[in-house]
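Secondary and tertiary structure notes
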There are 2 protein chains.
Amino acid sequence: MNNLKEKLASKGLKATAQRLYVYEALFNSREHPTAEEVFRKVSKVLPSVSLSTIYNTLETFVEHNLVNKVLSESGTARYDAFVETHHHIYSEKGEIIADYYDDGLAELLLSYFSKKKIFDYEIKEVRLQIICSTKE
Amino acid sequence: MNNLKEKLASKGLKATAQRLYVYEALFNSREHPTAEEVFRKVSKVLPSVSLSTIYNTLETFVEHNLVNKVLSESGTARYDAFVETHHHIYSEKGEIIADYYDDGLAELLLSYFSKKKIFDYEIKEVRLQIICSTKE
DNA sequence: GAACGTAAATAATAATTATTGTAAAAAAAA
DNA sequence: TTTTTTTTACAATAATTATTATTTACGTTC
């Protein structure tokens, strides 16, 4: 978490209480919370925080690559403090279920694409949406 | 397109003019249009059509797997009449650029996952988000 | 085939939700 | 103290969903 203070400083951003709590809320959750959910969490420790601040803060974090936006089919934005490349497991309904980390896969894919050279564009990153049936 | 009439019938859905035009609008575009864009297209041939109908129709199609929702970072839903597995190329800003079809890739991934057997869930589909820098 | 009843689909519009914009207040830094 | 950054409060917007009335399609009976 001190890590974050340094990162903020290195980007010319002030380490305010709001920012630290927002980041903490994200970092301590693997649920890819929405802005609203982050707001509720942060409100518990900082009751005066405003929802706008949550949005602003999340947006600032995304701009500075401290946080990723996670795409979801419902349209509501979700956020993730884990910015290293990883993949997401979705339900058949399009809702996100879990993270999936796999370095071997990244290598496999990048070597596959480097052989094919199919793109006009340079590939920055490859992320998987793994759509699974939830067995009950 | 007659194909669609049959599919609709098989799912107990009536083949109304609205549904056929909405589907046609999607099918004839590779732009993953938004509901609003579909609305404008359909309006040209069916001026009395309402935006609600577009939303309803798209939702009905998605429920019946005739159409897919495409993830996009702006939050606005985009739709795609191509339901066979394929992948999407995104800009670094998170906007969708193009489709990417690749059967070899699907095989590669499925064999990779079948070897690993890592999941509690059954994998239905694997889609890639390929994030590219747009070279200018 | 025309008239009738019923259910499905559509249209018009209101309401809601998520998000963004704006301006004032507060906090931090210089 | 002055200036800049950040936060707050609140207004505004955009996308989507919900509600209700109307229309349309379809099956049944005459």
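You'll find the structure just up there.
For every chain, the first residue of its written sequence is number 1, and the numbers climb from 1 along that sequence. Key to labels: chains lettered from A, ligands numbered from 1, both in the order written. Thresholds applied to this predicted model are a pLDDT of at least 70 for local features of residues and 80 or more for the giving and counting of side-chain atom pairs; totals over whole chains, interfaces and linings are not thresholded and use all residues. The basis for every side-chain value is the complete set of heavy atoms in the structure, and neither hydrogens nor water enter the calculation.

Notes on the pattern of salt bridges
All names here are of chain A. Threshold: Within this document, salt bridges are pairs made up of a side-chain nitrogen of Lys or Arg and a carboxyl oxygen of Asp or Glu, the two lying within 4 Å of each other. Each helix is a run of DSSP H or I of at least 4 residues and each strand a run of E of at least 2, with the numbering of both proceeding from the N terminus.
Under the defined criterion, the tally for this structure stands at 10 salt bridges over all chains. Asp80 is the partner of Arg30 in a salt bridge, and the nearest nitrogen-oxygen pair spans 2.9 Å. One end of the pair, Arg30, is in the loop between helix H2 (17–27) and helix H3 (35–45); the other, Asp80, is in strand S2 (residues 78–80), with 50 residues separating them in the sequence. When salt bridges with common partners are traced through the structure, they connect Arg30, Asp80 and Asp99 into a single cluster.

Remarks on the packing of H2(A) against H3(A)
Residue and element names in this part refer to chain A. Which entries qualify depends on this criterion: Inter-axis angles, ranging from 0 to 180 degrees, are taken between N-to-C directions of lines fitted to C-alpha atoms, where helices are fitted over the stretch in contact. With respect to orientation, any angle under 35 degrees is reported as roughly parallel, any angle over 145 as roughly antiparallel, any angle of 65 to 115 as roughly perpendicular, and every other angle as oblique. Each crossing gets its handedness from the near helix: less than a right angle anticlockwise from the far helix is left-handed, clockwise is right-handed. Pairs of residues are marked as contacts when any of their non-hydrogen atoms sit within 4.5 Å. Three classes are used, and their members are as follows: Ala, Val, Leu, Ile, Met, Phe, Trp, Tyr, Cys and Pro are nonpolar, Asp, Glu, Lys and Arg are charged, and the others, Gly among them, are polar.
Closest axis-to-axis distance for the H2/H3 pair is 9 Å, and the angle between their directions is 125°. Relative to H3, the element H2 is oriented oblique. Crossing hand, H2 versus H3: right-handed. Contact residues: H2 offers Tyr21, Val22, Ala25 and Leu26, while H3 offers Val38, Lys41, Val42 and Val45. Looking at side-chain class alone, the contact of H2 with H3 contains 7 nonpolar, no polar and 1 charged residues.

Concerning the environment of B:Glu63
Among the secondary structure elements, B:Glu63 is positioned in helix H4 (residues 51–63). For the pair B:Glu63 and B:Ala25, spaced 38 residues apart in the sequence, the C-alpha separation amounts to 18 Å.

Some points on the protein's contact with DNA strand D
Threshold: Nearness is judged by heavy atoms alone; a residue qualifies as near a molecule or strand once a single heavy atom is within 4 Å of it. Any pair of N or O atoms that falls within 3.5 Å is considered a polar contact. Within protein, one atom must be able to donate a hydrogen and the other to accept it, and sequence-neighbouring residues count only if both atoms are side-chain atoms.
Near DNA strand D lie 16 residues; those nearest to it are A:Thr16, A:Ser52, A:Thr53, B:Tyr55 and B:Ala77. Protein-adjacent atoms of DNA strand D, using a 4 Å cutoff, are sugar or phosphate at a proportion of 76%. One of the side-chain N or O atoms of A:Ser52 is found 2.7 Å from a base nitrogen in DNA strand D. Looking at the surface near DNA strand D, the elements with two or more residues in it are H2 and helix H4 (51–63) of chain A together with H4 of chain B. The element that contributes the greatest number of residues to the surface near DNA strand D is H4(A), accounting for 3 residues. For the surface near DNA strand D, the residue count by class is 4 nonpolar, 9 polar and 3 charged.

Structural notes on the pairing of strand S4 (residues 96–100) of chain A
All names here are of chain A. The following threshold applies: At least two bridges found by DSSP between two strands are what make those strands a pair.
As paired elements, strand S3 (residues 87–91) and S4 share 4 bridges and run antiparallel to each other. For His87, the partnering residue across the bridge sits in S4 and is Tyr100. Hairpin connection between S3 and S4: a loop of 4 residues separates the two successive antiparallel strands, and Gly94 in this loop has a positive phi of roughly 95°.

Topic: the protein's contact with DNA strand C
Every one of the 15 residues lining DNA strand C counts as a neighbour, but A:Tyr55, A:Ala77, B:Thr16, B:Ser52 and B:Thr53 are closest to it. A breakdown of the atoms of DNA strand C within 4 Å of the protein gives sugar and phosphate a share of 78%. For DNA strand C, a phosphate oxygen lies 2.5 Å from a polar atom in the side chain of A:Tyr55. Take A:Ala77: an N or O atom from its main chain is 2.9 Å from a phosphate oxygen of DNA strand C. Elements with a contribution of two residues or more to the surface near DNA strand C: H4 of chain A together with helix H2 (17–27) and H4 of chain B.

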